[in-house]
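Given next are the chains, with one letter for each unit.
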Amino acid sequence: MNQTKTKTLVALLVLGGLLGYLPVLWAGSLEPSAPPGPTMKTLDEVEPRIPIHESDLPLTITESGSYYLVEDAYCGSTAITVNVDNVTIDLMGYSLIGPGGSGANYGIYMSSRTNVEIRNGTIRNFGRHGIYDGITNGKHRAINVRAISNGGGGIYLNGQSNLVKDCTACENGGGGIRCGYGSVVTGNTANSNGDEGIYAWSGSTVTGNTCNYNTGDGIFAGHRCTVTGNTCCSNTGDGIKVTYKCRVVENTCDNNGAGDGDGAGIHVIGDRNRIEGNNVTANDRGIDIDENGNVVANNMVKGNTANYDIVADNQLNILLCEVPETIAWPATVTLAGTLKCTPTDQDAITVNADNVTIDLAGHALIGPDSGTGCGIYMDGRDNIEIKNGTVRDFGGNGICEASATTGKGHRVINIRAISNVGMGIFLYGQGNLVKDCTACKNDCGGIRCGDDSVITGNTCSSNTNDGIYAYSGCTVTGSTCCGNTGDGIVVTYKCRVVENTCDGNGAGDGDGAGIHVISSGNRIESNNVTNNDRGIDVDSSNNIIIKNTASGNTIDYDYAAGNTVGYHIDLSAAGGVIPGGYPWANFSF
């Protein structure tokens, strides 16, 4: 017990000593180490920039730094001259206002300067340019500036590597915005200027701008420029003009050339440009290509006085948006959708060049159902391919190649030629392929092909006149010809007609054969002819007719003398049993 009391007393004494010592530890030395410093900031520390008042104008900046306008400021001469590099001028939402007229005064003038930024305000009514640097040093930035109603250009930065962003240049006597080599011009509006809306020299990027109602071109871009996502409408000159090695993609160009009828939506004056995915409408000329070696792909071109004015030797992938249209150069043409041709005396598509592919892309070319126009017409052309869609209701032929002496090597694949007043498909030239097509309800026949053609896998039904008519040296295979008022298949000489089905031809006037051979040197093999006026009708000698089957025809086989014919076996008389030993026989059943 006594020992416990003793320990408690010692602990209390120690604690009391520590508590008496702590204030000394916490207080430290009360003597200051130095006199107290100032607590207020200087004006330069609060606002490190230099103000510009109206009373300071005209002002010449000779020291690098940051300047800002504190009020709207009028100046009867050049307002600000920058005589040093590395300057920022913030207009702070205010205006620099000139005297108007055409005097030699500028809003902001610099010559041979580098790295000047001008932003956030208006520069207007100066006799020359709103912002001007005419020498090549550059590297300037104009951001959110409105250059309006100046006698010369709005923003003129001739040096290289400039940025003009989110600016408005309108109603200036010269051009709206001009930039030198390697500049970026983006998000600006340049309207109603007395020259180009935007002029950007080589290596520049011009993107997302609006350039309308300029006297001159909407955008002029020098070589190696990228011009994307701009809108250029109702300019007196071209909507967009480029020299060479440019990329012009996804722009909108409408109603350019207004006033004098001499403006294109997109005008290419050099080579090695790529013009792709643009919307070009209601211009004097849609896409105008003056030089060869360019790529033009998938543009929507419609409603222009002339949609295309293109010289030879360019690579063209045309997205066809309206008809009538003439294809005057080797190209791949793809329908943008179903197109209707309303003129009765014009062809929907006229092909005036060799080596053209027309892909209907599942769409239809529709005619006026009267007149003389064809769906697709070519005369004396070579190597035209037409595929994948419908050609119907034309007063002439659905597809027509009119020259037997020069046209050759065409391919028509997966086409439906329906209800044309002329023929469905008429290829008078030689060496053609017609494959997997349907020709129905045409008034002058289904398919007609010139010498040495291949006609395979087609369906020709309910045509007035013949289903298929093939000139010399043709192969007709795997086709079905039914219900035509004339013959199902007609061949002249040296043809091969194999494994076709012909039913119900000669309907209406009783004067049609399933297969009609009108000359010599033909091979008629393994066809099935049923319910025709005549099954197989051979008018001339020196043909071979083997392994065919016939049923329900008024007369199954009608051969002229002097042909080689497989033994004729009437299976109904033979009790429906095919006798052996006759591998080349023609059957009736």
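Remember, predicted model here, so these are calculated numbers, not experimental data.

*Asks:* Kindly report on the side chain of Glu 117, identifying the contributing residues and their values.
*Replies:* By the element assignment, Glu 117 lies in strand E9 (residues 116-124). Residue Glu 117 is classed as buried on the basis of its relative accessible area, which comes to 11%. A polar contact of 2.7 Å, which involves the side chain of Glu 117, links it to the side chain of Arg 141. Excluding residues that lie within four positions of it along the chain, Glu 117 makes contacts with Val 87, Thr 88, Ile 89, Arg 141 and Ile 143.

*Asks:* Which residues make up the sheet that holds strand E50 (residues 468-470), and what values do they have?
*Replies:* Here 11 strands make up an open sheet; going across it, the order is E34-E37-E40-E42-E44-E47-E50-E53-E56-E59-E62 and the pairing parallel. The open sheet has two free edges, formed respectively by strand E34 (325-327) and strand E62 (555-559), since each of these has just one partner strand. In this sheet, neighbouring strand axes are inclined to one another by 10° on average, regardless of whether the strands run parallel or antiparallel. Note: strand E37 (residues 349-351) against strand E40 (residues 376-378), 3 bridges, orientation parallel. Bridge pairing links Val 351 to Met 378 in E40.

*Asks:* Which residues make up the environment of Phe 394, and what values do they have?
*Replies:* Assignment of secondary structure puts Phe 394 in the loop between strand E41 (384-392) and strand E42 (399-401). The exposure class assigned to Phe 394 is buried, which follows from its relative accessible area of 0%. Taking the C-alpha atoms as reference points, Phe 394 and Leu 365, 29 residues apart in sequence, are found 9.0 Å from one another.

*Asks:* I'd like to hear about the side chain of Asn 283, residue by residue, with values.
*Replies:* Here Asn 283 shows up in the loop between strand E29 (279-281) and strand E30 (285-289). Only 2.7 Å separates the side chain of Asn 283 from the backbone nitrogen of Asn 256, close enough to count as a polar contact. Every residue in contact with Asn 283, bar those within four places of it in the chain, is listed here: Cys 253, Asp 254, Asn 255, Asn 256, Gly 263, Ala 264, Gly 265, Asn 304 and Thr 305.

*Asks:* Describe the sheet that holds strand E27 (residues 264-268), naming the residues involved and giving the relevant values.
*Replies:* In spatial order, the strands read E2-E5-E8-E10-E12-E15-E18-E21-E24-E27-E30-E32; together these 12 strands make up an open sheet with parallel pairing. Edge strands, defined here as strands with exactly one partner in the open sheet, are strand E2 (59-61) and strand E32 (306-310). Looking at each pair of strands side by side, their axes are set apart by 10° on average, direction ignored. Note that strand E21 (residues 219-221) and strand E24 (residues 240-242) share 3 bridges and pair parallel. Paired with Phe 220 across the bridge in E24 is Lys 241.

Reading guide: rules and limits
- Residues numbered from 1 in each chain as written.
- Predicted model: local features only at pLDDT ≥ 70, side-chain atom pairs only at ≥ 80, totals over all residues.
- Heavy atoms only, no water.
- Helix = DSSP H or I, 4+ residues; strand = E, 2+ residues; numbered from the N terminus.
- Buried < 20%, exposed > 50% of the residue type's maximum accessible area, 1.4 Å probe, protein only.
- Polar contact = N/O pair within 3.5 Å; in protein donor to acceptor, adjacent residues only side chain to side chain.
- Contact = heavy atoms within 4.5 Å.
- Pairing = 2+ DSSP bridges.
- Axes fitted to C-alpha atoms, helices over the stretch in contact; angles between N-to-C directions.

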